[in-house]
Amino acid sequence: MTTLKALYTATATVKGGREGSVESSDGVLKHDLKMPKELGGPGGNGTNPEQLFAAGYGACYESALANIARKEGVKLQDVTVTSNVLIGKDESDGGFKLGVRLDISLPGIERSQAEDLAKKAHEFCPYSKATRGNIDVELNIV
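Residues numbered from 1 in each chain as written. Predicted model: local features only at pLDDT ≥ 70, side-chain atom pairs only at ≥ 80, totals over all residues. Heavy atoms only, no water.

1. Describing helix α1 (residues 49–71)
Two residues of an α-helix separated by three or four positions point the same way, owing to the 3.6 residues in each turn. Between the first and last C-alpha of α1 there are 33 Å, a value that for 23 residues agrees with the 33 Å anticipated at 1.5 Å per step. Taken together, the buried positions of α1 are occupied by E50, A54, G56, Y57, G58, C60, Y61, A64, L65, N67, I68 and A69. For α1, the elements touching its buried residues are β4 (80–90), β5 (95–105), α2 (111–124), α3 (126–131) and β6 (136–141). At the N-terminal boundary of α1, the capping side chain belongs to N48, with an oxygen 3.0 Å from the backbone nitrogen of E50. Looking one or two residues beyond α1, the residue adopting positive phi is G73, at roughly 70°. (Helix = DSSP H or I, 4+ residues; strand = E, 2+ residues; numbered from the N terminus. Expected span 1.5 Å × (residues − 1). Buried < 20%, exposed > 50% of the residue type's maximum accessible area, 1.4 Å probe, protein only. Contact = heavy atoms within 4.5 Å. Polar contact = N/O pair within 3.5 Å; in protein donor to acceptor, adjacent residues only side chain to side chain.)

Here it is in structure tokens:
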């Protein structure tokens, strides 16, 4: 068991894998899961692990970005983070692996300052910490 002293624990139960369903313990998140056509599945009305990961990472990263900006006295307006989670073949074992590109829009912020804030947020974000050294994450200022 982890030695992390939890402030909050999110719990979700999956039944049936990529062609099943997922539900959070509080019932707020409740979705069918469908394998995307691009991965050989039927597609259709349902989400998939990559979309769920993209949503979580994007939300966490944007919060980290706001935190860093606030600490540095930078006012942010109309920030958007689009999290792109890519899945592809892992040539080392014949399985799959993930990659992430975060498209970060910081209107009214000079590019060099935006890049600095983006890098600092990447160091601070729990999702970035969890993936560091495990998958490629690209920070893309748009």
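2. Here we look at the pattern of salt bridges
Under the definition given, this model contains six salt bridges. A salt bridge links E50 to R18, with the nearest nitrogen and oxygen atoms 2.4 Å apart. Here R18 lies in the loop between β1 (12–15) and β2 (21–24) and E50 lies in helix α1, a separation of 32 residues in the sequence. Using a relative accessible area of 25% as the deciding quantity, one classes R18 as partly exposed. Two residues, E115 and R111, come together in a salt bridge whose shortest N-O distance is 3.1 Å. Of this pair, E115 and R111 both sit in helix α2, four residues apart, which is roughly one turn of that helix. (Salt bridge = Lys/Arg side-chain N within 4 Å of Asp/Glu carboxyl O.)

3. What to know about the sheet that holds β2
One open sheet accounts for three strands, arranged β1-β2-β3; its pairing is antiparallel. Each of the sheet's edge strands pairs with one partner strand only, and the pair in question is β1 and β3 (30–32). Within this sheet the neighbouring strands show an average axis-to-axis angle of 10°, counted without direction. (Pairing = 2+ DSSP bridges. Axes fitted to C-alpha atoms, helices over the stretch in contact; angles between N-to-C directions.)

4. Focus: unusual backbone geometry
Positive phi outside glycine occurs at D78, with the angle close to 55°. Along the chain, the position of D78 falls in the loop between α1 and β4. The exposure class assigned to D78 is exposed, which follows from its relative accessible area of 65%.

By themselves, these are just geometric observations and shouldn't be taken as functional.
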